[in-house]
Amino acid sequence: MEERMIMEKIREYLQLSEDVDVSDAPRKVEKGRSFYEDFSLRGIRVDRVGPGFVSCTFKVPLRLTDREGYLANGAIANLVDEVGGAVVHVEGLPMNVSVDMSIAFLSKAKLGDELEITSRVMGERGCYKGTIVVVRNKMTGEIIAEGRHSLFGRQASKL
């Protein structure tokens, strides 16, 4: 009985539906992605992609909230890192390495809030790239956080 209660708490925390059997082997993670990426980015939806621009939507899940029920600052930092890195990624090359991130936490996002995350390339010099990521409440338009992300990586061959 106690084991069942623990499983229910885990299911609630991870927001798994009743049709998912958590007693099975760990769920498979997509090739090339880590458990951490899968856990933190599950539910993100890419809405638009253009040269130097990415726009995503993300609903705040219970698994990424703090004690007060707000999106944790670490989860926001992860979104800035992942979406900021995605906008400069070149298919076929290794992911760029984060050199520096600066994040201004301006407001809070509650459990269930739908967020719009936009990333733009600010500039590029050789292998060094800079992006800006804005996380905003989609309903109110209020900015939750703004991050500047610097990355270093290989350039695509010009041949």
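The structure displayed is predicted, hence computed values, not measured ones. (Residues numbered from 1 in each chain as written. Predicted model: local features only at pLDDT ≥ 70, side-chain atom pairs only at ≥ 80, totals over all residues. Heavy atoms only, no water.)

Caption draft 1: Main features of the pairing of strand β1 (residues 45–50). Across 5 bridges, the pairing between β1 and strand β2 (residues 53–59) is antiparallel. Bridging from a neighbouring strand, Val46 pairs with Cys56 of β2. In textbook terms, the turn of a hairpin is the stretch between consecutive antiparallel strands, and for β1 and β2 this stretch comprises 2 residues, one of which, Gly52, has a positive phi near 70 degrees. (Pairing = 2+ DSSP bridges. Helix = DSSP H or I, 4+ residues; strand = E, 2+ residues; numbered from the N terminus.)

Caption draft 2: How the structure looks around the environment of Leu41. Examined against the element boundaries, Leu41 turns out to sit in helix α2 (residues 35–41). Its relative accessible area of 12% is what places Leu41 among the buried residues. Spatially, the C-alpha atoms of Leu41 and Val83 are 9.9 Å apart, while their sequence positions differ by 42 residues. (Buried < 20%, exposed > 50% of the residue type's maximum accessible area, 1.4 Å probe, protein only.)

Caption draft 3: Representation of the layout of surface pockets. Of the voids in this model, the largest pocket is the one considered here, and its volume is about 630 Å³. Going through the elements one at a time, α2, β1, β2 and α3 (73–86) are the ones with two or more residues in the lining of the largest pocket. Looking at the lining of the largest pocket, the element that brings in the most residues is α3, giving 5 residues. For the lining of the largest pocket, the residue count by class is 10 nonpolar, 5 polar and 6 charged. (1 Å grid on protein atoms, 1.4 Å probe; cavity = no way out; pocket = protein on both sides within 12 Å on 5 of 7 lines; lining within 4 Å. Points joined across faces, edges and corners; volume = space filled by probe spheres on them. Nonpolar A, V, L, I, M, F, W, Y, C, P; charged D, E, K, R; others polar.)

In short, the description is geometric, and any link to function would need to be established separately.
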